[in-house]
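Residue-level structure breakdown
Here is how the chains run, residue by residue.
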Amino acid sequence: MPYRVIPTEIPGLDKAIGGGFTRPGLVYIVGHPGTGKTIMCIHYAYNRAIKHGEKTKYLTLSEPKDLLIQRIKLLKFDKLDEFLNEYLSLEEAMPLAEYRVIISVIEHILEDISKGEYANLIIDSLSSLVRGLSPQEVANILQMIFKEVTGKDITTIIVGEIPLFAEIKLPGVEEFMADVVIRLDYIDIHGERLAVRMTPIKMRIGAIDRKYYEVAVDERGFNVVGELPSRAFGTI
């Protein structure tokens, strides 16, 4: 199967990251809480569903499935009901669940993926696993996922969180395995407002400029507003 870039069709995103996400391939989206990681994933899955007829399997590890659905329903997308009912398949495994329970859920998801019905797999988020499981258990789960999706015509997205007030160590292998890496964080603009900054870090095929971009996350979904000059902001 051809290794290619598929458009996300999220406003401003494809131009910033060199054309879109890879397929087959692994996309790693990492960032501060509340910066739009989940909304980016949902917006991507929606666009691929409504414009290209693709189905997405979504594993939520950081919030209950019912709560995620409520959040999705706040989006002002024209065909949201069609997307939820026909194209998005949600599974949940809360981070405090036992290892064997999480493994069982992931095995079920990967079995569905192996049937070829889904074009996208989203794991949200890896950080939730790290909080509740041992490093070896997390490594085993990642190995299961990578083994199953490698060579299949599917785009896999893994979400990771960067805590604002604490430190959490992610496995690290996801950064090296990923074809696309995108970072989202909060920045201070001239001491006047807090903004969300997007930094494209890696694109295995295609070219990225590694510029900073401001993004907006609201009822319209995830939108790249424009470039941010480095002199315009400071860290928080």
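Calculation criteria
Residues numbered from 1 in each chain as written. Predicted model: local features only at pLDDT ≥ 70, side-chain atom pairs only at ≥ 80, totals over all residues. Heavy atoms only, no water. Core = buried A, V, L, I, M, F, W, Y, C linked by side-chain atoms within 4.5 Å. Buried < 20%, exposed > 50% of the residue type's maximum accessible area, 1.4 Å probe, protein only. Contact = heavy atoms within 4.5 Å. Helix = DSSP H or I, 4+ residues; strand = E, 2+ residues; numbered from the N terminus. Expected span 1.5 Å × (residues − 1). Arc of directions from axis to C-beta. Polar contact = N/O pair within 3.5 Å; in protein donor to acceptor, adjacent residues only side chain to side chain. Salt bridge = Lys/Arg side-chain N within 4 Å of Asp/Glu carboxyl O.

**A closer look at the nonpolar core**
Grouped together as the largest cluster of nonpolar side chains are 42 residues, with contacts concentrated most on Leu-13, Phe-21, Met-40, Phe-83, Met-198 and Phe-222. Here Phe-222 is in contact with Ile-10, Pro-11, Thr-35, Gly-36, Ile-39, Met-40, His-43, Leu-184, Met-198, Val-215, Ala-216 and Val-217, once residues within four sequence places are set aside. With 30 residues, the next largest nonpolar core counts Leu-26, Val-30, Leu-110 and Leu-142 among its residues.

**Considerations on helix α2 (residues 37–52)**
Structural remark: α-helix, 3.6 residues per turn; residues separated by three or four positions point the same way. Here α2 contains 16 residues, and its C-alpha end-to-end distance of 22 Å stays within 8% of the 22 Å for a straight helix at 1.5 Å per residue. Among the 16 residues that make up α2, 13 are buried, leaving the element largely enclosed by the rest of the structure. Looking at the residues trailing α2, positive phi occurs at Gly-53, about 70°.

**Considerations on helix α4 (residues 80–87)**
Residues of α4 that are buried: Leu-80, Phe-83, Leu-84 and Tyr-87. Projected down its long axis, α4 shows its buried positions confined to an angular sector of 120°, all on one face. α4 presents Asp-81 and Asn-85 as exposed residues on the side facing more than 90 degrees away from its buried surface. On its buried face, α4 sits against α2, β4 (56–60), α3 (65–72) and β5 (88–92).

**Points about the environment of Arg-204**
Following the sequence through the fold, Arg-204 ends up in the loop between β9 (193–203) and β10 (213–218). Residue contacts for Arg-204: discarding those within four places in its chain leaves Tyr-3, Phe-176, Met-177, Ala-178 and Asp-179. Separated by 3.4 Å, the side chain of Arg-204 and the backbone oxygen of Met-177 make a polar contact. Polar side-chain contacts of Arg-204 include one of 2.7 Å to the side chain of Asp-179.

**Some remarks on the pattern of salt bridges**
Between side chains of opposite charge, a pair can form when the charged atoms approach closely. Counted according to the given criterion, the structure contains 17 salt bridges. The salt bridge involving Arg-197 is made with Asp-185; its shortest N-O contact spans 2.6 Å. Linking Arg-197 in strand β9 with Asp-185 in strand β8 (residues 180–189), this pair joins segments that are twelve residues apart in sequence. Comparing Arg-197 with Asp-185, the two get one shared label, buried. Via salt bridges that share partners, Lys-57, Glu-91, Asp-112 and Lys-115 belong to a single interconnected network.

Any link to function would need more than the numbers given here.
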